[in-house]
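Given next are the chains, with one letter for each unit.
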Amino acid sequence: MQLAPKSIIDVTEYELTIRHEADRRFNNNQRTGIEGMTNKTKARIQHTRGAAAEVAARLVMGLDPYAITDDEIGAADFEHRGVKYDVKCITADYPILNVQYYEGVLERRKDWVIMVMMYEGLGWRLIHLKDIPFNNLAYIEPVAAQGGHRSSHWRLDMGTK
């Protein structure tokens, strides 16, 4: 379901909520060691962009933007009208979407939708780029872990340049 392709969502008014959630995620990952935290500055930026993308996605869907949470590993970012959504954030200067591959992921997420948000680079504005049914990944060969990735993943060029 494609709701509003390339619509610009300004999340400036939710900055405190975004920063709070990003800090919580960063601190949780640092404490538990879930992620490789070799570059803490980059990790903090990624957590902030991820939280901002989730707020923007909730606004696009007409959901409460303050309800973002640090979901469990493997859980959807939110559910709307019976569809589970996984929100991913890319940037215009690196429009590559990486989706983690692991055994059984296609079966577990077969009816999910990946909502791709692109950070515009100016302030707190994101673009709702596209929605990709998780089933579509079945037709793409995952690539092996490389260059900072710890596991195999699907690599999709969003072609925004």
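Here is what the cut-offs are and how they apply
Residues numbered from 1 in each chain as written. Predicted model: local features only at pLDDT ≥ 70, side-chain atom pairs only at ≥ 80, totals over all residues. Heavy atoms only, no water. Helix = DSSP H or I, 4+ residues; strand = E, 2+ residues; numbered from the N terminus. Buried < 20%, exposed > 50% of the residue type's maximum accessible area, 1.4 Å probe, protein only. Contact = heavy atoms within 4.5 Å. Core = buried A, V, L, I, M, F, W, Y, C linked by side-chain atoms within 4.5 Å. Phe/Tyr/Trp six-rings, centres within 6.5 Å; stacked < 30°, edge-to-face > 60°. Lys NZ or Arg CZ within 6 Å of the ring centre and 35° of its normal. Salt bridge = Lys/Arg side-chain N within 4 Å of Asp/Glu carboxyl O. Lys, Arg positive; Asp, Glu negative; His and termini not counted. Expected span 1.5 Å × (residues − 1).

The secondary structure content of the protein chain amounts to three helices and seven strands. When the helices and strands of the protein chain are listed from N to C terminus, the series reads β-α-α-β-β-β-α-β-β-β. Going through the 161 residues of the protein chain one by one, you find that 37% of them count as buried. By sequence separation, contacts in the protein chain at least 24 residues apart represent 64% of the contacts at least 6 residues apart.

So, on to the nonpolar core. Ranked by size, the top nonpolar core spans 21 residues in total, and within it Val11, Ile18, Val87, Met115, Met117 and Leu126 carry the most contacts. Only α1 (15-32), α2 (40-61), β3 (83-91) and β5 (113-119) provide two or more residues apiece to this core. Among the elements that line this core, the one with the most residues is α2, at seven residues. In this structure Met117 touches Ile9, Ala53, Ala56, Ala57, Val87, Lys88, Cys89, Ile90, Leu126, Ile127 and His128, once residues within four positions along its chain are discounted.

Our focus in this paragraph is the packing of aromatic side chains. Applying the stated criterion across every chain, the model contains four aromatic pairs. Among the aromatic side chains, those forming a connected cluster through ring pairs are Tyr101, Phe134 and Trp154. Lying across the ring of Phe26, Arg44 places its NZ or CZ 4.0 Å from the centre.

Summed over all chains, the structure comprises seven salt bridges. With its nearest N and O atoms 3.2 Å apart, the salt bridge here joins Arg24 to Glu21. Separated by three residues within a single helix, Arg24 and Glu21 lie in helix α1, roughly one turn from each other. Overall, Arg24 belongs to the partly exposed group, its relative accessible area being 36%. A relative accessible area of 4% places Glu21 in the buried class. One salt-bridge network, in which partners are shared between bridges, spans Glu21, Arg24, Arg25 and Glu54.

Its location among the elements puts Arg58 in helix α2. It turns out Arg58 is buried and unbridged, and the closest side chain with the opposite charge, Glu54, is 5.5 Å from it. Discounting chain neighbours no more than four positions away, the residues touching Arg58 are Leu63, Asp64, Pro65, Ala67, Ile68, Asp77 and Phe78.

A positive phi angle is found at Arg81, which is not glycine, with a value near 55°. With respect to the helices, strands and loops of the structure, Arg81 is situated in the loop between β2 (78-80) and β3.

This part is about α2. Look at α2: 32 Å from first C-alpha to last across 22 residues, which is about the 32 Å you get at 1.5 Å a residue. Looking at α2, one finds that the buried residues are Ala43, His47, Thr48, Ala51, Ala52, Ala53, Glu54, Val55, Ala56, Ala57, Arg58 and Met61. Those residues of α2 hidden inside the fold are in contact with β1 (7-10), α1, β2, β3, β5 and β6 (125-133). Two residues or fewer past α2, Gly62 is found with a positive phi of approximately 75°.

Within the secondary structure, Arg108 sits in helix α3 (residues 105-108). According to the relative accessible area criterion, Arg108 is exposed, its value standing at 55%. Each C-alpha atom, one on Arg108 and one on Gly74, is 9.2 Å from the other, the two residues being 34 residues apart in sequence. The residues contacting Arg108, other than those within four sequence positions of it, are Tyr102 and Glu103.

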